[in-house]
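Commentary on secondary and tertiary structure
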Amino acid sequence: MSDHVVLHVKGRVLVGPEEVRDELWVVGGRITYRRPSGEARTVEGWVLPGLVDAHCHVGLDQHGAVDEATSEKQALTGRDAGTLLIRDAGSPADTRWIDDREDLPKIIRAGRHIARTRRYIRNYAHEIEPDDLVAYVAREARRGDGWVKLVGDWLDREAGDLGACWPREAVEAAIAEAHRLGVRVTAHCFAEDSLRDLVEAGIDCVEHATGLTEETIPLFAERGVAIVPTLVNIATFPRLADGGEAKFPRWSAHMRRLHERRYDTVRSAYDAGIPVYVGTDAGGSLPHGLVAAEVAELVKAGIPPVEALSATAWGARGWLGRPGLEEGEPADLVVYEADPRADVRVLASPRRVIVNGHVVA
């Protein structure tokens, strides 16, 4: 796909929530606001930078690592829905080959999940004990793209409920090592009792964060710890609870409570000033291509539409250190029929998807 057609993209270019331009051009796969000479193919509509799915898994399904053909299909499904930047929040598969494809989304990898022994989904994670946590964090820091992913809590079969996976001192040492190596740390957390230790140890982000409470929300806000709520995944909690009720009734009741208050939790976090970003948790049990549904869920939770949009567009790209619709940057953008700031449901139906200057969908 090395040959690039010059594109003239016109209509309303949403460089930022309030910064709107009338047109841009794509020359050599990159954005310019300077009119080039010669002919150009015209694309019209409302333009956003390529959407971000900040919690996604390419190369993974419910059983573990998948082959390259399946990984490609996952990436294409997300791409055609407008997701052009993925933070891959843990995968046992090597997806580096995707970086060489001009037609696929860009991926920021967090290496492979790091979990406590027998305390996560089989075939997903490195399953280790606390004494090895620092070493494995260093290993995955070198394999990833600036992130490491821990499993902060999971079902403790002996207790019959969710429980924290790591002692405080192990978490402190592991996060310190990650930061020494220049990478950020995130963690899967459903429950309440894993959060304080992780945040006070300096964690940068928490996935799901259903266990946030009046006590821990101010702590997150004070430390600037982001959350990625994955509400489209939290919607599966009642089904999971039903499946585990006979064997783990306490866990099932806990999962239902977390589900019931999910919107209040997210809105309270947002109101407190906690950064909230869009992630779908696609690639485990959920299909790819759900980014529009997650934005709609954030709005349903009470986040203003423009802020929910920023959580998958301008704000999310800034948080991940990746460009938007700036001069000279790769032309990764999505074109819509109408203003997505007025109605985020527009995101579900992209008119055009452009990756590295190629119209691909």
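One structure accompanies this document, and this report is about it.

Conventions adopted
- The written sequence of each chain sets the order in which its residues are numbered from 1.
- Where local features are concerned, this predicted model is filtered to residues with pLDDT of at least 70; where side-chain atom pairs are given and counted, the filter is 80 or more; whole-chain, interface and lining totals use all residues.
- Hydrogens and water are ignored here; the side-chain numbers use all heavy atoms of the structure.
- Site definitions follow a grid-based scheme: protein atoms alone, a 1 Å grid, a 1.4 Å probe that fits but cannot get out for cavities, and for pockets an open set with protein on both sides within 12 Å along at least five of seven lines, plus lining residues having an atom within 4 Å of a point.
- Grid points are joined across faces, edges and corners, and a volume is the space filled by probe spheres set on the points.
- A run of H or I in DSSP counts as a helix once it spans at least four residues, and a run of E counts as a strand once it spans at least two, with each numbered from the N terminus.
- Only Asp, Glu, Lys and Arg are considered charged in this grouping, and only Ala, Val, Leu, Ile, Met, Phe, Trp, Tyr, Cys and Pro are considered nonpolar; every other residue, Gly among them, is considered polar.
- Distance and chemistry together define a polar contact, namely a pair of N or O atoms within 3.5 Å, with one atom able to donate a hydrogen and the other to accept it when in protein, and with adjacent residues in sequence counting only for side-chain atoms on both sides.
- Working rule for contacts: check all heavy atoms of both residues, and any pair within 4.5 Å makes them a contact.
- Residues belong to one nonpolar core when they are buried, are Ala, Val, Leu, Ile, Met, Phe, Trp, Tyr or Cys, and are joined through side-chain atoms within 4.5 Å.
- Exposure categories follow from relative accessible area, calculated using a 1.4 Å probe and restricted to protein chains: below 20% of the type maximum is buried, above 50% is exposed, and the middle band is partly exposed.
- A strand pair is defined by DSSP finding two or more bridges across the two strands.
- Lines fitted to the C-alpha atoms define the axes, with helices restricted to the stretch that makes contact. Angles between their N-to-C directions range from 0 to 180 degrees.

A separate point is the layout of surface pockets. The space that makes up the largest pocket amounts to roughly 930 Å³. Around the largest pocket, the lining is made up of 32 residues, and of these Tyr 120, Ile 121, Arg 122, Trp 154 and Leu 240 lie nearest the centre. For the lining of the largest pocket, the element with the most residues is helix α7 (residues 237–244), which contributes three residues. In terms of residue class, the lining of the largest pocket is built from 13 nonpolar, 11 polar and eight charged.

Mapping Glu 297 onto the fold places it in helix α10 (residues 291–300). A distance of 2.9 Å separates polar atoms of two side chains, one belonging to Glu 297 and the other to Tyr 263. If we skip the residues at most four places from it in the chain, Glu 297 touches Leu 231, Val 232 and Tyr 263.

Bringing the nonpolar core into the picture now. Among the nonpolar cores identified, the biggest contains 79 residues, and Leu 133, Ile 203, Phe 220 and Leu 298 are the most heavily contacted of them. The element contributing the most residues to this core is helix α3 (residues 168–180), with five residues. Beyond its immediate chain neighbours, meaning those up to four positions away, Ile 203 contacts Ile 175, Val 185, Thr 186, Ala 187, Leu 198 and Val 225. Counting residues in hydrophobic clusters, the runner-up holds 15 residues, among them Val 9, Leu 24, Tyr 33 and Val 47.

The subject of this paragraph is the sheet that holds strand β8 (residues 83–88). The three strands lie next to each other as β5-β8-β9, forming an open sheet whose pairing is parallel. At either end of the open sheet lies a strand with only one pairing partner, and these are β5 (51–56) and β9 (106–109). Strand-to-strand, the axes of this sheet are offset by a mean angle of 20°, without reference to chain direction.

Turning next to the sheet that holds strand β3 (residues 30–32). Spatially, β3-β2-β1-β4-β18-β19-β20 is the arrangement adopted by the seven strands of the open sheet, whose pairing is mixed. With one partner strand each, in any of the chains shown, β3 and β20 (358–359) form the two edges of the open sheet. Across seven bridges, the pairing between strand β1 (residues 7–14) and strand β4 (residues 41–49) is parallel. Looking at the pairing, Arg 12 lines up with Trp 46 of β4.

Bringing the environment of Ala 209 into the picture now. The residue Ala 209 is located in the loop between β16 (205–208) and α5 (217–223) in this model. When the C-alpha positions of Ala 209 and Leu 195 are compared, they lie 8.2 Å apart, and in sequence the two are 14 residues distant. If we ignore the near neighbours within four places in the chain, the residues touching Ala 209 are Cys 189, Ile 227 and Thr 265.

Time to look at unusual backbone geometry. Despite not being glycine, Asn 123 has its phi angle at roughly 75°, a positive value. If you trace the backbone, Asn 123 turns up in the loop between β10 (114–116) and β11 (126–128). Even without being a glycine, Thr 230 presents a positive backbone phi close to 50°. Positionally, Thr 230 belongs in the loop between β17 (226–228) and α6 (231–234).

By themselves, these are just geometric observations and shouldn't be taken as functional.
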